[in-house]
Amino acid sequence: MADPPGCCSTCATCLLCPYSCQWITPKKEKRKGLRTTKCDCSWFFFLFCVFLSTLVWLYVAIIILNDFHNFNEFIFRQKKLWLDWSLVLLIATAVLISYSSVLLVLALCLQLCGQPLKLHWVHKVLLILTALVVAAAFTGLGIKWAEEWKSARISLQATGPFLHIGVVGGMTLLAWPLASFIYRTRSTGLRVFLLLVYFAAMIALYLAPLAITSPCIMEQNQLPPKPALVGHRGAPMLAPENTLMSLQKAVECDVQVFETDVMVSADGVPFLMHDEELSRTTNVQAAFPNRTVLNSTAFNWTDLQQLDAGSWFLERRPFPTVQSLSPADRNETTHQRIPSLGQALEAAKQSNISIMFDLRPENHSDYQNFVNVTLGVILQSGIPLQQVLWLPDGFREDVKQQAPGVQHVYGRKRLKDEKEPVLHVNLPYQDMSSEEIRQYRQDNISVNLYVVNEPWLFSVLWCSGVSSVTTNACQVLKEMEHPIWLLPSSTYFMIWIVVDCVSFLIIIWAFVLMK
């Protein structure tokens, strides 16, 4: 490389010190004959790749926060340890992205100042470790939680237009150090190669909006009605899940359906409980230490009524919102007990909301009796049958005969040769595309998707036309009066053209200025 004009001595030294882990002044640098070698360029390219991979992982980590409570529950069932692992994930990711970002900024500033890129071996080791950690994170996500890749693809419908602007801006700023490098290097082949790669990338970015689709690119008058809210086990961010307090909090959030899980006790009483074991949401370990690992259905109703179903909520704090509970709510939480299905039906009837439930465990040898007992409680409760949404697939025909007014909700998509029309479906939000949601809506099929907690996801599904969503965060989604963003196609087209033109002019200016 030719000798560059460089920048001031103090700035050069301050940049070289953290990057090279040596106190190298320009005079020492000149005396030692330090230059950026091909190996140094390779390490810079590796640094850039590590930065991009950590940036992508940060994006994925933010997206999977919508479903992270499921991961916390999974870890508890496996290890009996409760921790909000999302904090661990975000802190670790922030450390990795901050480290790689600082190194990259230092390298770009050194290039602009004409200083050698002598990355210290400590940084090289740490960069390799960072790359391995990120690679392990992506691999683990693909093996154990593959459905989150679908979540990431859905998220691009919410973030795609803005990611495009951000990436174009970042690549535009890269024009300065790139121009500096190209004007200083003596290798014509390297110059041509870098220019071709850079401008090919920029052309691809300028045309990227042609491939960006989002249901929220529409006119205001085309926006479908706001989806109804279904309280996932009630309002689990405001009260212990599957309790009468949680149901009441859900009612205060204007939910239209209380979603829960039903099990049947050893003496034939249906009650609300999600887990097959009682250890996560009750004090069974203190009350019955020798029966902690038993299935919930092994307990009789008298034993279940002795359990505290609320104090765990204050002790483990499954959601950050627990800290903001009022003293009255905290006191009420400590008095919660496992409710029977009959009690839940009575509360739903008084509040005039529907109730939707699964009957667990599906593989139990006495499952048909569970269905019959549950139906008996429903019929005796006096709740209007149209307010009962039946999810279990087992013995569905028997249910239709004994309680013909019950609404049947299917956990699958409709079939081509459907014998009876499917009017309600309940699916994970990853399993339906925007096009399918629109088609079901046109065919008057109610679509409920679960579990939707983040406003960005709710906005995408709202624009798509979904009928309702099951949520843990009813208090958040209740306050949303419109999607986070809504752009007419003409406005988006104008933004796209302006961003591309401004970027192109800045790049030309950077190359002219650096020359």
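Residues numbered from 1 in each chain as written. Predicted model: local features only at pLDDT ≥ 70, side-chain atom pairs only at ≥ 80, totals over all residues. Heavy atoms only, no water.

A short note on the pairing of strand 7 (residues 424-428)
- By the criterion of burial, strand 7 is predominantly enclosed, with four of the five residues buried.
- Relative to strand 8 (residues 446-450), strand 7 runs parallel, the two being bridged by five bridges. Bridging from a neighbouring strand, L427 pairs with L449 of strand 8.
- Handedness of the crossover joining strand 7 and strand 8 through helix 18 (residues 434-442) is recorded here as right-handed. (Buried < 20%, exposed > 50% of the residue type's maximum accessible area, 1.4 Å probe, protein only. Helix = DSSP H or I, 4+ residues; strand = E, 2+ residues; numbered from the N terminus. Pairing = 2+ DSSP bridges. Right-handed = clockwise from strand over helix to strand, strands pointing away.)

Topic: the pairing of strand 2 (residues 257-264)
- For strand 2, the buried fraction is high: eight of the eight residues fall into the buried class.
- Alternating residues of strand 2 divide into V257, E259, D261 and M263 and F258, T260, V262 and V264, and every residue in both groups is buried.
- Looking at chain direction, strand 1 (residues 228-232) and strand 2 are connected through three bridges and run parallel. Each residue of the ladder has a partner; that of H232, found in strand 2, is E259.
- The pairing of strand 2 with strand 4 (residues 354-359) spans six bridges and is classified as parallel. What sits directly across from D261, in strand 4, is D358.

Points about a nonpolar patch on the surface
- Together, W121, V122, V125, L126, I128, L129 and L132 give the surface a local cluster of nonpolar side chains, amounting to about 630 Å² of exposed area.
- Along the polypeptide, V122 turns up in helix 6 (residues 121-144).
- Assessed through its relative accessible area of 31%, V122 is described here as partly exposed. (Patch = residues over 30% accessible without salt bridge, like charges linked within 9 Å, V, L, I, M, F, W, Y side chains within 5 Å. Areas by Shrake-Rupley, 256 points an atom, 1.4 Å probe, with all protein chains shown as cover. Salt bridge = Lys/Arg side-chain N within 4 Å of Asp/Glu carboxyl O.)

Quick notes on the domain arrangement of the chain
- Partitioning the chain into structural domains gives domain 1 (9-29 + 36-214 + 493-513) and domain 2 (228-478).
- Domain 1 and domain 2 are separated by 43 Å when their C-alpha centres are compared.
- At the interface, 18 residues of domain 1 touch 22 residues of domain 2.
- Of the roughly 1,800 Å² buried between domain 1 and domain 2 on both sides combined, carbon and sulfur atoms contribute 55%.
- Contact with domain 2 buries surface across domain 1, with N66, W82 and I154 losing the most and accounting together for 33% of the total.
- The interface formed by domain 1 and domain 2 contains five salt bridges. (Domains from an automatic or database assignment. Contact = heavy atoms within 4.5 Å. Buried area = accessible area lost by both parts, 1.4 Å probe.)

Some details on the UniProt feature "transmembrane region" (unreviewed entry) in the chain
- The sites that UniProt annotates as "transmembrane region" (unreviewed entry) are residues 41-65, 85-113, 125-143, 163-183, 190-212 and 493-514.
- End C-alpha atoms of residues 190-212 are separated by 33 Å, and the span's content is 78% helix alongside 0% strand.
- This span, residues 493-514, is 100% helix and 0% strand, and a straight line between its end C-alpha atoms measures 32 Å. (UniProt positions renumbered as here; feature names shortened; annotations may be inferred.)

Some thoughts on the packing of helix 7 (residues 147-173) against helix 19 (residues 455-464)
- For the pair helix 7 and helix 19, interaxial distance at closest approach is 9 Å and the crossing angle is 75°. One finds that helix 7 runs roughly perpendicular with respect to helix 19. Between helix 7, through S151, I154, S155, Q157 and A158, and helix 19, the contact on the second element is made entirely by W456, L457 and V460.
- The class makeup of the residues in the contact of helix 7 with helix 19 is five nonpolar, three polar and no charged. (Axes fitted to C-alpha atoms, helices over the stretch in contact; angles between N-to-C directions. Parallel < 35°, antiparallel > 145°, perpendicular 65-115°, else oblique. Nonpolar A, V, L, I, M, F, W, Y, C, P; charged D, E, K, R; others polar.)

A closer look at helix 5 (residues 85-112)
- If you check helix 5, its first and last C-alpha atoms are 41 Å apart, about what 28 residues at 1.5 Å a residue would give, namely 40 Å.
- Once helix 5 ends, the next one or two residues include G114, with phi positive near 75°. (Expected span 1.5 Å × (residues − 1).)

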